[in-house]
Every structure is written in C-alpha cells, then in structure tokens.
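Each chain, written out:
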Amino acid sequence: MNAGAKILTGIVVEDLVLRKDMVVGVVINSYSIEKANLHVDPLAIMAKYVIDATGHEASVANTLARKNPNLIIKIHAEKSMWAIKAEEAILTNTREIYPGLFIAGMAANAVHGDYRMGAIFGGMYLSGKKCAEEIIKKFDRR
C-alpha cells in the first residue's frame, strides 16, 4: 500500500477498461447499489495493473472472459477442497493472465481449475506477495 496500491471493499467490479489489448482499469459500483437493483452510473478507475483477488468466484477474470469472448481467455471452475494440492498449486497459478490483469489467492486456483483450500492459508499470503513482486518487476522494466 505504501507503493500506491488501493484496496476497496464493498465494491463490485462491473466491467474492465480495455485499451490496446490491455486492462487499464475497472468499472465499479457499490455492492449495496447492486443488491438494491438500483440503476446508478458506475465509476471507472484507471490503473496500471489490476489484481483479481476476489476468491473462489474470480469475478474480475470471469467478467473479462464473459464480456470479451474474442480474447479466448479460458476460465476453469475450481475443484473441490484438497488443501495440500491447493497450497502446492497456488504460487504457480499466481500470474498475469492477460496484459494488465493479474490473479492471486483463490482466484488464481479457480481460474486454472485447481483445488480449493481448507484451513491453511500460507499459500494465500505467498500468492499475494508473489503477485506484488511480479508487478514491481514490470514497473522496473518501464
């Protein structure tokens, strides 16, 4: 967060902002507005990188795939719980899946069709750390 990352809670990502075949932001709205089925114009937040850390739903990656079928982004459903296998896979699955869009945590395993976790979360922490390090490397190349 000291480097400029923003964490938003109570927010729904309705869409992504694409420019020149790259994710450059998110279109957001309040979760309570969505639940109340109100029609309020969403906001676009521009970002150099977007991280989908939405858990089992992988909602950001799923939104990108659903709204842009021409991109041929394959989203696999996560498998049932097998904590050891999930912990082994989560770091491999944490990565950039489309220019500007990274996946981390359970979203990474869900996108790649790997197992979900149980009560061990060391992999979740390490996934977030790896994701941050990968983004820092990209910043350093600019």
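Residues numbered from 1 in each chain as written. Predicted model: local features only at pLDDT ≥ 70, side-chain atom pairs only at ≥ 80, totals over all residues. Heavy atoms only, no water.

(A) Highlighting a nonpolar patch on the surface. A contiguous nonpolar patch, built from Leu 8, Ile 11 and Ile 45 and spanning about 230 Å² of accessible area, is present on the exposed surface. With respect to the helices, strands and loops of the structure, Ile 45 is situated in strand E3 (residues 43-46). Accessibility expressed as a relative area gives 34% for Ile 45, which makes it partly exposed. (Patch = residues over 30% accessible without salt bridge, like charges linked within 9 Å, V, L, I, M, F, W, Y side chains within 5 Å. Areas by Shrake-Rupley, 256 points an atom, 1.4 Å probe, with all protein chains shown as cover. Salt bridge = Lys/Arg side-chain N within 4 Å of Asp/Glu carboxyl O. Helix = DSSP H or I, 4+ residues; strand = E, 2+ residues; numbered from the N terminus. Buried < 20%, exposed > 50% of the residue type's maximum accessible area, 1.4 Å probe, protein only.)

(B) Spatial organisation of the confidence of the model for the protein chain. Looking at the protein chain as a whole, its pLDDT mean stands at 90, while 97% of the residues score no less than 70. Within the protein chain, strand E7 (residues 101-103) carries the highest mean pLDDT (97), whereas helix H1 (residues 31-35) carries the lowest (87). (pLDDT = per-residue confidence, 0-100.)

(C) Main features of the pattern of salt bridges. As enumerated under the stated definition, the model contains five salt bridges in all. Residues Lys 85 and Glu 88 are paired through a salt bridge, measuring 4.0 Å at the closest nitrogen-oxygen approach. Of the two residues, Lys 85 and Glu 88 both sit in helix H3 (residues 83-93), three residues apart, roughly one turn of that helix. Exposure remark for Glu 88: the relative accessible area of 52% places this residue in the exposed category.

(D) Local environment of the sheet that holds strand E6 (residues 95-98). Read across the open sheet, the three strands follow the order E4-E7-E6; overall the sheet is mixed. Sheet topology places strand E4 (50-52) and E6 at the edges, where each strand pairs with a single neighbour. Recorded for the sheet is a direction-independent mean angle of 40° between the axes of neighbouring strands. Here E6 pairs with E7 via three bridges, running antiparallel. From the neighbouring strand, Tyr 98 faces E7, where its bridge partner is Leu 101. Helix H5 (residues 122-141) rests against E4, E6 and E7 of the sheet, and its axis sits at about 155° to E7. (Pairing = 2+ DSSP bridges. Axes fitted to C-alpha atoms, helices over the stretch in contact; angles between N-to-C directions. Contact = heavy atoms within 4.5 Å.)

(E) Layout of the nonpolar core. Of all hydrophobic cores here, the largest spans 20 residues; its most connected members are Val 23, Leu 64, Leu 101 and Val 111. Taken together, the elements giving at least two residues each to this core come down to strand E2 (23-30), helix H2 (59-67), E6, E7 and helix H4 (106-111). In this structure Val 23 touches Leu 16, Val 17, Leu 18, Ala 47, Lys 48, Val 50, Leu 64, Tyr 98, Pro 99, Gly 100 and Leu 101, once residues within four positions along its chain are discounted. Membership of the second largest hydrophobic core comes to five residues, among which are Phe 102, Ala 104, Cys 131 and Ile 135. (Core = buried A, V, L, I, M, F, W, Y, C linked by side-chain atoms within 4.5 Å.)

(F) Just the pairing of strand E1 (residues 11-18), in detail. Bridging between E1 and E2 involves seven bridges; their strand directions are antiparallel. Paired with Leu 18 across the two strands is Val 23, which belongs to E2. The hairpin formed by E1 and E2 contains four residues between the paired strands, and Lys 20 there has a positive phi angle of roughly 50°.

(G) Geometry of the layout of surface pockets. Estimated volume of the largest pocket: approximately 1,300 Å³. Lining the largest pocket are 35 residues, with Ala 5, Lys 6, Ile 7, Tyr 49 and Ile 51 sitting closest to its centre. Among the elements of the structure, E1, E2, E3, E4, H2 and H5 are those that each provide at least two residues to the lining of the largest pocket. Sort the elements by how many residues they give to the lining of the largest pocket and H5 lands first, with seven residues. (1 Å grid on protein atoms, 1.4 Å probe; cavity = no way out; pocket = protein on both sides within 12 Å on 5 of 7 lines; lining within 4 Å. Points joined across faces, edges and corners; volume = space filled by probe spheres on them.)

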